[in-house]
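# Remarks on the overall topology
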Number of protein chains: 2
Amino acid sequence: MKPKRSVPALMDVARRAGVGAATVSRVINGGQNVSARRLAAVQQAIEELGYHPNQAARSLKGARTKTIGLVVPSVADPFFSAAAEAIQEVARGHGTLLLLAVSENQSAREQEQVASLIQRRIDGLILAPSDGADFSMFKHAGFPVVCFDRPFPGQDIPVVLSDNYAGAKAATEHLVKAGRKRILCLSGDPQLFTSKRRVKGYRDVVRAAGLPYLAEVSVQDHESAVAALTPYLSGRSRIDAVFSIKNAITVSAYKILRDAGLEVPKMVAIAAYDDFELADTLDPPICVVRQPVVGIARRAAEMLFEALDRGQVQTKMVKMEVELIHRASCGGHSR
Amino acid sequence: MKPKRSVPALMDVARRAGVGAATVSRVINGGQNVSARRLAAVQQAIEELGYHPNQAARSLKGARTKTIGLVVPSVADPFFSAAAEAIQEVARGHGTLLLLAVSENQSAREQEQVASLIQRRIDGLILAPSDGADFSMFKHAGFPVVCFDRPFPGQDIPVVLSDNYAGAKAATEHLVKAGRKRILCLSGDPQLFTSKRRVKGYRDVVRAAGLPYLAEVSVQDHESAVAALTPYLSGRSRIDAVFSIKNAITVSAYKILRDAGLEVPKMVAIAAYDDFELADTLDPPICVVRQPVVGIARRAAEMLFEALDRGQVQTKMVKMEVELIHRASCGGHSR
DNA sequence: GTGAAAGCGCTAACAA
DNA sequence: TTGTTAGCGCTTTCAC
């Protein structure tokens, strides 16, 4: 009798322990209604065989897969990696694993990844949707979806996000109060929901204050940051403040100003969206709007599991407050 | 006839298209040997129903799950989140999804997570093992494993890592050449493989140079960094260089020295392991040993897929070279 | 080219 | 307390 080559199945355990399949099933599901003798026998067989129940077979029977999906633009981004960590932690608390997918903010990729997740019959999905996210991909998907950081375009899907508009407003107002007159707004992809809200917050404030609306909204990397900023560094179009809306750009702006010899905050103030690890260590420390990343992610995950437990989600939108962290780069008084 | 409530199955498609199950199966697997007429009918039914094949059922039949596991100490850590991104990218190229698990460097958690992955019948596993990783958890697992960043303790599992010893040696030698006499080595968990190798590199150099071996190897956070460094900031035990071995500690050390009024590099030089985003932006820029994170992760993933394709892994260990990035904090000449 | 039917590993209903 | 058995959704012979 040749032992079957592959991984042991429940029947192998049953045979080795000299019991029926159902008994093994009972044992691996809590061991209720099983005599001590057989329980021990089965446990020993499991141990000896290194048996692990096949989840695929279980979920075929209609059980939960104990797996949720997470789709983010990138895990390399500190915002989303912190979120991923928090979500995975909540999931772990529910005995659930995380299937990670990366969309790069491209709806085609997003769709492809979601299709892949649907095939795996995830119990639920947490998603930071791309701008062009298409709801039809969820047709007949059969699981709850919770968005975070951004809402699902044109769809009433539960979402947890922060108050981007208020945050940008607060930061801009702070600059205005500090006496800045020409505030340049720097942003990445102008299509991005978060960018749009933040730019709007900035705009409403400068408009109300009668200041010029100066925005460069398509800064992608250091090179384009140089290109975008240079015209504003001297002459009559010279600015006296920068409001950076995108994490990665902030540092570029800081370096460019410094390299151009423009003293911060004396000549040009800086305020930025998203706190970062060394914001308080740079010279001068950078004034930022801080989002409760972990709080947002955790809340989204909790909402998903509520939906899983209770059957339905009650809350449609949770908007978290952000915090303006006053630091010297604003040139403002801490009040 | 009530339409079944849940997600559509292959049979639903078959019935709607008026064909047999096998035909639908053929269509979703490439559509070979199917008449154009039925192919169209089936595709339409799939579209209308929003049908997605159930992977669980497929893998029950013995097919690959097209899913690999990734176990890291933390995804919030920039090193591991960059690695995760790279690995997910390679996986995507192979039509494979990533099941993400976090061990927090605790072998119990690691074991629990791996068990969970085994149940999901992953095709393979990429792992940054904890110090106490127990090989027995893979008993009968039936899939290839590749480690990265650290080898599996006492086990001959394929691994991709960087030359921690050489990197630490190079950094320390650089400090020695710059004339430093009292070099303090700061490290986190002394049990960690990478820490041990780096400390050894440091030690061998200071010993050979006849300099004192000064090490604080259990620095966890900013508070403990303060506690560890303070005794060395003044008096006769005063140091003239710090070699920080752990990412998170480096910035703490930098701040502590700065706050203590010890000029860098004039009074105290700094060299550190692992490059970080703002290392070149701080004042002074921090001299670091840079690991090819993405290269390491990608290579590990590629090795796993090679093992999956070819059946076996050939390489047992890949050691990547690191690079010493000269920056002003060392007080050295750039050569 | 096509469909019927067996079986992958498991759970749950039922019988004993 | 037990074991037997019928599927879960799919792929894969094997006839037609």
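One structure accompanies this document, and this report is about it. Keep in mind it's a predicted model, so treat the numbers as computed, not measured.

### Things to note about helix α11 (residues 293-310) of chain B
All names here are of chain B.
- Over its 18 residues, α11 runs 25 Å from end to end, which matches the ideal 26 Å to within 8%, given 1.5 Å per residue.
- Buried residues of α11: Ile296, Ala297, Ala300, Ala301, Met303, Leu304, Phe305, Ala307 and Leu308, and no others.
- Its buried side turned inward, α11 meets β1 (67-72), α5 (78-93), β3 (124-127), β4 (145-148), β5 (159-162) and β11 (317-320).
- Looking one or two residues beyond α11, the residue adopting positive phi is Gly311, at roughly 95 degrees.

### Some points on the interface of chain B and chain A
- Between chain B and chain A, the contact holds 58 residues from the first and 58 residues from the second.
- Ranking the residues of chain B by area buried against chain A places B:His52, B:Leu97 and B:Arg121 at the top, with a combined share of 13%.
- Run the count over chain B and chain A and you get seven salt bridges.
- At the boundary of chain B with chain A, the tally comes to 32 residue pairs in polar contact (both at pLDDT 80 or more).

### Observations regarding the packing of helix α5 (residues 78-93) of chain A against helix α11 (residues 293-310) of chain A
All names here are of chain A.
- With their axes 8 Å apart at the nearest point, α5 and α11 run at an angle of 40 degrees to one another. Classified by the interaxial angle, the pair formed by α5 and α11 is oblique. Of the two possible hands of crossing, α5 and α11 adopt the one that is right-handed. Mapping the contact onto sequence places Phe79, Ala82, Ala83, Ala86, Ile87, Val90 and Ala91 in α5 and Val293, Val294, Ala297, Arg298, Ala301, Glu302 and Phe305 in α11.
- Tallied by class, the residues present in the contact of α5 with α11 amount to 12 nonpolar, no polar and two charged.

### Considerations on the protein's contact with DNA strand C
- Near DNA strand C there are 25 residues, and of these A:Leu10, A:Tyr51, B:Thr23, B:Arg38 and B:Lys61 occur at the shortest range.
- In the interface set of DNA strand C, defined as its atoms within 4 Å of the protein, sugar plus phosphate atoms amount to 64%.
- A distance of 2.5 Å is found between a phosphate oxygen of DNA strand C and a side-chain nitrogen or oxygen belonging to A:Tyr51.
- Interatomic distance of 2.9 Å between a backbone N/O atom of B:Gly20 and a phosphate oxygen of DNA strand C.
- If you list the elements that add at least two residues to the surface near DNA strand C, you get α2 (21-28) and α4 (55-60) of chain A together with α2 (21-28) of chain B.
- Residues belonging to the surface near DNA strand C are distributed by class as follows: 12 nonpolar, seven polar and six charged.

### Considerations on the protein's contact with DNA strand D
- Near DNA strand D there are 26 residues, and of these A:Thr23, A:Ser35, A:Lys61, B:Leu10 and B:Tyr51 occur at the shortest range.
- Close to the protein, within 4 Å, the atoms of DNA strand D belong to sugar or phosphate groups at a rate of 63%.
- A:Gly20 is positioned such that a nitrogen or oxygen atom in its backbone is 2.8 Å from a phosphate oxygen of DNA strand D.
- Measuring from a phosphate oxygen of DNA strand D, one finds a side-chain N or O atom of B:Arg58 at 2.6 Å.
- Those elements that provide at least two residues to the surface near DNA strand D are α2 of chain A together with α2 and α4 (55-60) of chain B.
- Classifying every residue of the surface near DNA strand D gives 12 nonpolar, eight polar and six charged.

### Looking at the pairing of strand β2 (residues 97-102) of chain B
- Across the six residues that make up β2(B), a large majority, six, are buried.
- Here strand β2 (residues 97-102) of chain A runs beside β2(B); their pairing, made up of three bridges, is antiparallel. Following the sheet pairing, A:Leu98 is matched in β2(B) by B:Leu100.
- Where β1(B) meets β2(B), six bridges bridge the pair, whose relative direction is parallel. Within the sheet, the bridge partner assigned to B:Thr67 lies in β2(B) and is B:Leu97.
- Handedness of the β-α-β unit built from β1(B), α5(B) and β2(B) comes out right-handed.

### Comments concerning the relation of the copies chain B and chain A
- Mapping chain B onto chain A is achieved by rotating through 180 degrees and translating by 0.0 Å along the same axis, at an RMSD of 0.1 Å. Here the transformation between the copies is reduced to the relation of a two-fold axis.
- The fraction of interface residues of chain B whose copies in chain A are also interface residues reaches 100%, indicating that both copies meet through the same surface.

### Some points on the packing of aromatic side chains
Residue and element names in this part refer to chain A.
- Taken as a whole, this structure holds 14 aromatic pairs over all chains when the rule is applied.
- For the ring pair Phe135 and Phe152, a centre distance of 5.9 Å and an interplane angle of 85 degrees mean the geometry is edge-to-face. Of the two residues, Phe135 sits in the loop between β3 (124-127) and β4 (145-148) while Phe152 sits in the loop between β4 and β5 (159-162), which places them 17 residues apart along the sequence.
- By relative accessible area, Phe135 is classed as partly exposed at 36%.
- Residue classification places Phe152 among the buried positions, given a relative accessible area of 2%.
- Between the aromatic rings of Tyr202 and Tyr213, the centroid separation amounts to 5.7 Å while the plane-to-plane angle is 40 degrees, which identifies the pairing as tilted. Here Tyr213 lies in the loop between α8 (193-208) and β7 (214-216) and Tyr202 lies in helix α8, a separation of 11 residues in the sequence.
- Taking relative accessible area as the criterion, Tyr202 reaches 0% and is therefore assigned buried.

What counts and how
Residues numbered from 1 in each chain as written. Chains lettered and ligands numbered in written order. Predicted model: local features only at pLDDT ≥ 70, side-chain atom pairs only at ≥ 80, totals over all residues. Heavy atoms only, no water. Helix = DSSP H or I, 4+ residues; strand = E, 2+ residues; numbered from the N terminus. Expected span 1.5 Å × (residues − 1). Buried < 20%, exposed > 50% of the residue type's maximum accessible area, 1.4 Å probe, protein only. Contact = heavy atoms within 4.5 Å. Buried area = accessible area lost by both parts, 1.4 Å probe. Salt bridge = Lys/Arg side-chain N within 4 Å of Asp/Glu carboxyl O. Polar contact = N/O pair within 3.5 Å; in protein donor to acceptor, adjacent residues only side chain to side chain. Axes fitted to C-alpha atoms, helices over the stretch in contact; angles between N-to-C directions. Parallel < 35°, antiparallel > 145°, perpendicular 65-115°, else oblique. Left-handed = near helix turned anticlockwise from the far one by under 90°. Nonpolar A, V, L, I, M, F, W, Y, C, P; charged D, E, K, R; others polar. Near = heavy atom within 4 Å. Pairing = 2+ DSSP bridges. Right-handed = clockwise from strand over helix to strand, strands pointing away. Least-squares fit on C-alpha atoms with pLDDT ≥ 70 in both. Phe/Tyr/Trp six-rings, centres within 6.5 Å; stacked < 30°, edge-to-face > 60°.

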